[in-house]
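Reading the structure
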Amino acid sequence: MSWAVVYYKTRDGQVPGVEFVESCPVGVEAKIEAVLTAVAGAPPPSFSGGGMWEAMHGEMGGYYEVRVSGPRREQFRLFCLLDRDGPGLERPAIVVLAGLRKPFMTTFRADEYARICAYGTDYLSTDPRRIAT
């Protein structure tokens, strides 16, 4: 069975994952959507990402990222959680939290990762899960 792809919604109604994807160049947006579709259909636990879907490690353990390169090798990362049986979900879901972009060969700052983790913590604390519809 394929998994759903859902987008986290903040308490104030923003949907940072959608905002990020829509801000990407058209080709990057298409690649991100293609990766999400492929992962959802695999489903995620058995998907072999080929570098475009990766489990994160360390402080970001439990999170996943869609990894796409854009023009001038700019790096686009879409951060996700897997939610197998969250309250209010009809089926297991890939939860899109938010995204970040960076120049090639640079790293994200700790506060940027902390914001992603705060979104994840907020999402997991909701019952039913707060998602965009």
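Please refer to the structure higher up on the page.
Scope of this entry: the structure provided in the associated data block. (Residues numbered from 1 in each chain as written. Predicted model: local features only at pLDDT ≥ 70, side-chain atom pairs only at ≥ 80, totals over all residues. Heavy atoms only, no water.)

Looking at the pattern of salt bridges
Applying the stated rule across the entire model yields 8 salt bridges. The salt bridge involving Arg77 is made with Glu65; its shortest N-O contact spans 3.8 Å. Taken together, the residues Arg77 in strand β4 (residues 75–83) and Glu65 in strand β3 (residues 64–69) connect sequence positions 12 residues apart. Each member of the pair, Arg77 together with Glu65, is buried. Of the charged contacts in the structure, one is a salt bridge between Glu112 and Arg109, with a shortest N-O distance of 3.6 Å. Where salt bridges share partners, they join Arg11, Asp122 and Arg130 into one cluster. (Salt bridge = Lys/Arg side-chain N within 4 Å of Asp/Glu carboxyl O. Helix = DSSP H or I, 4+ residues; strand = E, 2+ residues; numbered from the N terminus. Buried < 20%, exposed > 50% of the residue type's maximum accessible area, 1.4 Å probe, protein only.)

A few points about the side chain of Glu112
With respect to the element layout, Glu112 can be found in helix α3 (residues 110–124). Judged by relative accessible area, Glu112 falls into the buried class, the value being 16%. Engagement of the side chain of Glu112 in a polar contact is seen with the backbone nitrogen of Arg109, the distance being 2.7 Å. (Polar contact = N/O pair within 3.5 Å; in protein donor to acceptor, adjacent residues only side chain to side chain.)

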